[in-house]
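Read off the chains here:
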Amino acid sequence: MAVPIPGFVARVNRVATNKVTEPFAARLPGFGIVLHRGRRSGRVYRTPINVFREPGGYVAALTYGPESDWVRNVVAAGGCDLVTRGERIHLTDPRIVHDETRRAVPAAVRPILGAIGVNDFLRLSDRARRE
């Protein structure tokens, strides 16, 4: 399976870039911090992601592919918390979707994600928040 961004870039980001971008990612449109628990370690992780609001929840671009640790953690747990635009939101019902049209993200973002080969997304519901 082809991964949009190579694994070594993910490792560099985990060690260095994420620590620099995290304070901004929690507030900027199109970004967020996903809070997830490790499947084996039980440790809580904070991972900056590209995420967009959609009716009933959010959709995250899987720039490192659907096999990324954070994605596998969220799917295994059945949800996560998301910090975006300064708000913490509990999300449930994670679903990986493959969409080469990238219709779930804003039109301005589609060409960028297409250029780096992102065709997989994680949809998450915020229904519990609204009930």
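Residues numbered from 1 in each chain as written. Predicted model: local features only at pLDDT ≥ 70, side-chain atom pairs only at ≥ 80, totals over all residues. Heavy atoms only, no water.

(A) View of the sheet that holds strand 4 (residues 79-84). Ordered in space as 1-2-3-6-5-4, the six strands form a closed barrel in which the pairing is antiparallel. When the angles between neighbouring strand axes are averaged without regard to direction, this sheet yields 45°. Strand direction decides the pairing type here: strand 3 (residues 57-61) and strand 6 (residues 120-125), joined by five bridges, are antiparallel. The partner of A60 across the bridge, within strand 6, is L122. Packing against the sheet, helix 2 (residues 69-77) makes contact with strand 1 (31-37), strand 2 (44-54), strand 3, strand 4, strand 5 (87-98) and strand 6, and its axis sits at approximately 60° to strand 1. (Pairing = 2+ DSSP bridges. Helix = DSSP H or I, 4+ residues; strand = E, 2+ residues; numbered from the N terminus. Axes fitted to C-alpha atoms, helices over the stretch in contact; angles between N-to-C directions. Contact = heavy atoms within 4.5 Å.)

(B) Broad picture of the pairing of strand 4. The buried fraction of strand 4 amounts to six of the six residues, a majority that puts the element mostly inside the structure. On strand 4, burial covers both faces: G79, D81 and V83 on one face and C80, L82 and T84 on the other are all buried. Two elements, strand 1 and strand 4, share three bridges in a ladder whose sense is antiparallel. Bridge pairing in strand 4 places L35 opposite D81. With six bridges connecting them, strand 4 and strand 5 associate as antiparallel partners. Counterpart to G79 in the pairing with strand 5 is T92. Counting the residues in the hairpin turn of strand 4 and strand 5 gives two residues, including R85, whose phi is positive at 50°. (Buried < 20%, exposed > 50% of the residue type's maximum accessible area, 1.4 Å probe, protein only.)

(C) Structural detail: the nonpolar core. Ranked by size, the top nonpolar core spans 15 residues in total, and within it I49, W70, V74, L91 and L122 carry the most contacts. Sorting the residues of this core by element identifies strand 2, strand 3, helix 2, strand 4, strand 5 and strand 6 as the ones contributing at least two each. Ranked by residue count, the leading element in this core is helix 2, at three residues. Among all residues touching W70, those that are not within four sequence positions of it are V34, H36, T47, I49, A60, L62 and L122. By size, the runner-up hydrophobic cluster in this structure holds nine residues, among which are F52, V105, L113 and F121. (Core = buried A, V, L, I, M, F, W, Y, C linked by side-chain atoms within 4.5 Å.)

This is a description of form; function is not addressed.
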